[in-house]
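Residues per chain, in single letters:
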Amino acid sequence: MLQTAELLKKVRKLDIVTRRKVDNAIGGAYHSVFKGRGIEFDEVREYTYEDDVRDIDWNVSARLNAPYVKKYVEERELSVLLMVDISNSMNFGSPGSSIIERAIEAAALLGLSAIGNNDRVGLSLFSDHVEELFAPRSGRHNNLRLIRELVATAESERNGKTDLALALRNACKIMKKRGVIFIISDLADNSPEVEKALKIAGARHDVIVLHLYDPAAWQLPNGFCNIYDSESNRFIRLSGKRARLDFQRRCEARNLARQEMCRRSGVELVPMPCSEDMLSLLMKFFQHRRRRRSC
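Note that the coordinates shown come from a computational prediction; the quantities given were computed from them, not determined experimentally.

Participant: If you had to explain the side chain of Ser265 to someone new, which residues and values would you point to?
Facilitator: Its place among the elements puts Ser265 in helix H7 (residues 241–265). A relative accessible area of 7% places Ser265 in the buried class. Separated by 2.7 Å, the side chain of Ser265 and the backbone oxygen of Met261 make a polar contact.

Participant: Account for the sheet that holds strand E10 (residues 268–273), with residues named and values stated.
Facilitator: One open sheet holds the six strands; their spatial order is E5-E4-E3-E6-E7-E10, and the pairing between them is mixed. In this open sheet, the two edge strands, each paired with only one partner strand, are strand E5 (130–137) and E10. Taking each pair of neighbouring strands and ignoring which way they run, the sheet shows an average axis angle of 15°. Direction of pairing for strand E4 (residues 120–126) relative to E5: antiparallel, over a ladder of five bridges.

Participant: An account of the pattern of salt bridges is needed here, citing residue identities and associated values.
Facilitator: Applying the stated criterion across every chain yields a total of seven salt bridges. Between Glu260 and Arg263 there is a salt bridge; the shortest N-O distance is 2.7 Å. Of this pair, Glu260 and Arg263 both sit in helix H7, three residues apart, roughly one helical turn. Looking at Glu260, the relative accessible area reads 33%, which means it is partly exposed. Accessibility expressed as a relative area gives 55% for Arg263, which makes it exposed. One continuous salt-bridge network, built from bridges that share partners, spans Glu195, Lys199 and Arg264.

Participant: Got a sec to walk through unusual backbone geometry? Specific residues and values, please.
Facilitator: Even without being glycine, Asn65 reaches a positive phi, approximately 60°. Tracing the backbone through its elements, the reader meets Asn65 in the loop between helix H2 (58–64) and strand E2 (68–73). Here the phi dihedral of Leu187 falls at roughly 55°; this positive angle occurs in a residue that is not glycine.

Participant: Can you break down the nonpolar core residue by residue, with the values?
Facilitator: Counting 42 residues, the largest nonpolar core has Phe34, Val84, Phe182, Leu210 and Phe286 as its most contacted members. Among the elements that take part in this core, helix H3 (residues 99–116) stands out by supplying ten residues, more than any other.

Participant: Go over the packing of aromatic side chains with me, naming the residues and quoting the values.
Facilitator: For any pair of aromatic rings, the description rests on two quantities: the centre-to-centre distance and the angle between the ring planes. Under the definition given, this model contains one aromatic pair. A ring pair is formed by Phe285 and Phe286, whose centres lie 5.2 Å apart and whose planes are at 45°; its orientation type is tilted. The class of Phe285 is buried, set by a relative accessible area of 6%. Taking the relative accessible area as the measure of exposure, Phe286 reaches 0% and is therefore buried.

Rules of the game
Residues numbered from 1 in each chain as written. Predicted model: local features only at pLDDT ≥ 70, side-chain atom pairs only at ≥ 80, totals over all residues. Heavy atoms only, no water. Helix = DSSP H or I, 4+ residues; strand = E, 2+ residues; numbered from the N terminus. Buried < 20%, exposed > 50% of the residue type's maximum accessible area, 1.4 Å probe, protein only. Polar contact = N/O pair within 3.5 Å; in protein donor to acceptor, adjacent residues only side chain to side chain. Pairing = 2+ DSSP bridges. Axes fitted to C-alpha atoms, helices over the stretch in contact; angles between N-to-C directions. Salt bridge = Lys/Arg side-chain N within 4 Å of Asp/Glu carboxyl O. Core = buried A, V, L, I, M, F, W, Y, C linked by side-chain atoms within 4.5 Å. Phe/Tyr/Trp six-rings, centres within 6.5 Å; stacked < 30°, edge-to-face > 60°.

Interpretation in functional terms is not warranted from these geometric data alone.
This is the structure we're talking about:
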């Protein structure tokens, strides 16, 4: 565990780096995607040509035999919750570019972007239980506190598995109004319970799943090797070409299952390979989302 002085030094360094990136690039992209429409429902009224067709209330329109839209009360602030997986499997990767370190960088970038947009930011750190849960609050001081929690967690020992469904249920309890939930995880847990929890959260909030992974985890060396599965806490012994191909097929099948799970749940899945720059990947996501919304 880091000493207090070392911890503060790492927090300041990460804050300076991410704040510079946000100021130079990501802040405007985040604002253009999430400034959007109001999020508190008020009433329905007749549709006009200036309205967004996505706001049409089809049930009311069918009853009244004319198009009606939902009217929202504009809110300047959003509630943003950063859910960061800190289970054992997030340790994978080389020092300086492990999945958990990339996750912290992505969370810090999103947190500073949200603060720059005057949004409220909260944090959930979870493994097989919710280790820390901070309700969304505004202000840069709050964001520094969240970064401090992230850095301290990254430097501590972790031995938990992953229970994303439990973390989502707890997240929904503190998100009283419609907001944005970023799930930052390697998605080692994609059980039926996770899909159920994603559907419930996605019906109420804008849920975005950032799937962090190390491409090296899908590539095996030639010859004999032992693979440690941190979720099941056991070693898997592999040798021979057939075993390597079978392992890669299983990895690809699990990846497709994750994609289908998110599609059925109505939430957005963003692949985030740890070998690439987190800022560039987030910028691509924001640009793609902006183009899709303008269509």
